[in-house]
Amino acid sequence: MKAVSDQGKETVGHVIRPGATIGMVGGGQLGKMFANAASAMGYRVVVFCESEVEPAAQVATFCVTGRLDDAAKVDEFASLCDVITYEFENIPAETIERCRRQAPTYPDHGVLAIAQDREIEKTTFQNASLPVTPFRPVESKSQIAEFASEHGWPVIVKTSRSGYDGKGQSRIDDQTALDRWDADFSVRHVAEKMIELDGEVSVVVARSPSGETSCFPVFENHHRHHVLEWTRLPALVPETMQRRAREIAIRAADTLDLVGLLCVEFFISGDDVLINEVAPRPHNSGHLTIEACHTSQFTQHVRAVCNLPLGDPSMRVGSASMVNLLGRPSSNGPEVGQEEPGQDANFQDANIQDGWSWMDRSRASLHWYGKGQEKPGRKMGHLTRTGEKGEDCVTPLLACRDEFESSGTAGCDTTVRKEA
Ligand code: ADP
Ligand code: MG
């Protein structure tokens with residue numbers, strides 16, 4: 001049933017039908033929603049992640065647990081799969097390359113290697129004549145000062161690798177701030193011009209092994225503290241800018257020869273539509289497609305990697321929005337990134353009793369990821385609401401979110417017990 005020849009090259013045109021097994025590397029919420037979509041279509045899903053209590057592992061048909069860079073575990077996982085994909089970028093590209101020895105693996109390791117490094121990503125798109133935010137790799141404060149003399153202050157400096165949700169980024173306002181900045185040039189950085197934003201949008205494009213592409217409608221995104229706060233469909237952005245964003249997203253996917261999903265995040269500034277960054281996977285801004293579109297981004301991901309015809313991504317409602325539920329400041333888990341390895345494995349869940357009184361009077365759809373612990377700022381879940389054309393779906397959801405956020409976590413039973 002494997003679509004792999006002796007040389008490890010997949011057979012072009014091979015369709016992976018329902019009943020087959022899809023491997024998912026990564027156990028987070030994206031993997032969970034992917035597994036739900038795949039399961040609905042009759043696929044078995046094997047999740048490869050570090051602990052069996054991660055969100056995707058909770059809904060998978062089967063789970064292989066271990067370190068993602070453990071070659072023996074990679075082989076054990078890959079041997080179970082007819083096709084393999086992944087749900088986050090910070091996976092060793094070698095793991096994805098190794099998976100491919102046993103089953104077609106999409107997007108391939110070359111795409112992952114580009115997307116997980118900002119310098120390589122921006123250079124790749126610049127070389128393909130696609131518009132990116134002005135940038136340069138920097139290895140010293142004097143190079144940052146040089147960049148500022150060309151593009152002006154402030155400058156945003158980002159680590160080339162491993163950044164997410166605003167982590168690994170510093171805004172440097174002037175020379176004095178640069179002098180004071182506590183730099184660590186043992187890791188690579190890029191300096192970026194600070195763009196005066198009129199808005200931010202993203203486009204999720206699916207691309208199948210034959211090169212067929214399909215774009216979701218343009219998502220309008222609003223960030224708080226560099227983290228996505230809410231998304232709206234349709235985007236209140238001029239149609240010409242939307243068309244340009246979609247064209248650029250398709251060209252980006254073609255440039256990478258991508259199979260699967262690509263999310264392209266854009267900055268809109270004056271007449272410019274600039275690529276900020278890409279992710280070769282489903283994206284937080286696309287979560288609302290579950291309720292808002294004929295085909296969700298997760299279903300489309302399944303279709304693309306299984307070489308099925310792509311589904312209709314257009315809206316099936318007049319308007320929709322998504323609001324993230326982030327871990328509350330009062331939650332007692334350690335900050336994101338500060339947790340000890342394995343700390344999630346106690347199957348404690350966040351409080352889902354306090355702060356949920358709005359559930360009986362709102363049209364919000366709740367997606368709660370079931371992460372081990374609520375921690376300040378951690379993506380714990382999201383809400384989606386759909387409505388008529390022109391209806392404001394954002395405001396009622398923000399009210400729900402505020403109620404959730406202002407509620408405490410103390411004094412409640414926060415334990416969800418695993419069935420024996
Ligand atoms: P992450 O990988 O953490 O999502 P991004 O590069 O997408 O990192 O930055 C997160 C957010 O920070 C962006 O969506 C935008 O709101 C803001 N930001 C980042 N870079 C710039 C920039 N060069 N100019 C203006 N805003 C920026
Ligand atoms: Mg981003």
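Residues numbered from 1 in each chain as written. Chains lettered and ligands numbered in written order. Predicted model: local features only at pLDDT ≥ 70, side-chain atom pairs only at ≥ 80, totals over all residues. Heavy atoms only, no water.

The element strand β2 (residues 44-49) is extensively covered by neighbouring structure, given that five of its six residues are classed as buried. Two strands pair when backbone bridges link them, and strand β1 (residues 21-25) and β2 are joined in this way by five bridges, in the parallel orientation. Within β2, the position partnered with Gly 23 by the bridge is Val 46. For the crossover that starts at β1, traverses helix α1 (residues 29-40) and ends in the parallel β2, the hand is right-handed. For β2 and strand β3 (residues 62-65), the ladder comprises four bridges, and the chain directions are parallel. Each residue of the ladder has a partner; that of Cys 49, found in β3, is Thr 65. (Buried < 20%, exposed > 50% of the residue type's maximum accessible area, 1.4 Å probe, protein only. Helix = DSSP H or I, 4+ residues; strand = E, 2+ residues; numbered from the N terminus. Pairing = 2+ DSSP bridges. Right-handed = clockwise from strand over helix to strand, strands pointing away.)

Right, let's talk about the sheet that holds strand β7 (residues 169-172) for a bit. An order of β5-β8-β6-β7 is seen for the four strands of this open sheet, with the pairing classed as antiparallel. At either margin of the open sheet sits one strand with a lone partner, and together these are β5 (135-138) and β7. Between one strand and the next, the sheet's axes are offset by a mean angle of 25 degrees, whatever the strand orientation. Across four bridges, the pairing between strand β6 (residues 155-159) and β7 is antiparallel. When the bridges of β7 are listed, Lys 158 appears paired with Gln 169. Helix α6 (residues 118-127) rests against β5, β6, β7 and β8 (189-193) of the sheet, and its axis sits at about 145 degrees to β5. This element, helix α7 (residues 141-151), spans β5, β6 and β8 of the sheet and lies at about 165 degrees to β5. (Axes fitted to C-alpha atoms, helices over the stretch in contact; angles between N-to-C directions. Contact = heavy atoms within 4.5 Å.)

Inside soluble globular proteins, nonpolar side chains tend to come together where they are buried. If you look at the biggest cluster of nonpolar residues, it comprises 30 residues, and the most contacted ones within it are Phe 125, Leu 262, Val 264, Phe 266 and Ile 275. At the level of elements, α5 (109-115), β9 (199-207), α9 (239-256), β13 (260-269) and β14 (272-279) are the ones that each hand at least two residues to this core. Tallying contributions element by element places α9 first for this core, with seven residues. With near-sequence residues (within four places) excluded, Leu 262 lies in contact with Val 203, Val 204, Val 205, Ala 249, Ala 252, Ala 253, Leu 256, Val 278, Ala 279 and Pro 280. If you look at the next biggest cluster of nonpolar residues, it comprises 26 residues, including Ala 35, Ala 56, Val 83 and Val 259. (Core = buried A, V, L, I, M, F, W, Y, C linked by side-chain atoms within 4.5 Å.)

Attention shifts here to the packing of α1 against helix α11 (residues 297-305). A pair of packed helices can be characterised by two numbers: the angle between their axes and the separation between those axes. Their axes nearest at 8 Å, the elements α1 and α11 cross at an angle of 70 degrees. Comparing their axes, α11 and α1 come out roughly perpendicular. Relative to α11, the crossing made by α1 is right-handed. Mapping the contact onto sequence places Leu 30, Met 33, Phe 34, Ala 37 and Ala 38 in α1 and Phe 298, Thr 299, His 301 and Val 302 in α11. For the contact of α1 with α11, the per-class residue count stands at seven nonpolar, two polar and no charged. (Parallel < 35°, antiparallel > 145°, perpendicular 65-115°, else oblique. Left-handed = near helix turned anticlockwise from the far one by under 90°. Nonpolar A, V, L, I, M, F, W, Y, C, P; charged D, E, K, R; others polar.)

This part is about the sheet that holds β2. Strand order across the open sheet formed by four strands is β3-β2-β1-β4, with parallel pairing between neighbours. Across the chains shown, the open sheet's two edge strands, defined by having one partner strand only, are β3 and β4 (83-86). Geometrically, the sheet is characterised by an average inter-axis angle of 25 degrees between neighbouring strands, direction not taken into account. Of the strands in this sheet, β1 and β4 touch α11, which is tilted by about 140 degrees from β4.

Let us now look at the coordination of the magnesium ion (ligand 2). All of the protein donors around the magnesium ion (ligand 2) are Glu 265 (OE), Glu 265 (OE) and Glu 277 (OE); their distances to the metal are 2.0 to 2.8 Å. In this pair, Glu 265 sits in strand β13 while Glu 277 sits in strand β14, placing the two residues twelve residues apart along the sequence. Residue Glu 265 is classed as buried on the basis of its relative accessible area, which comes to 15%. Relative accessible area serves as the criterion here: at 22%, Glu 277 is assigned to the partly exposed category. (Donors = N, O, S within 2.8 Å, 3.2 Å for Na, K, Ca; no water.)

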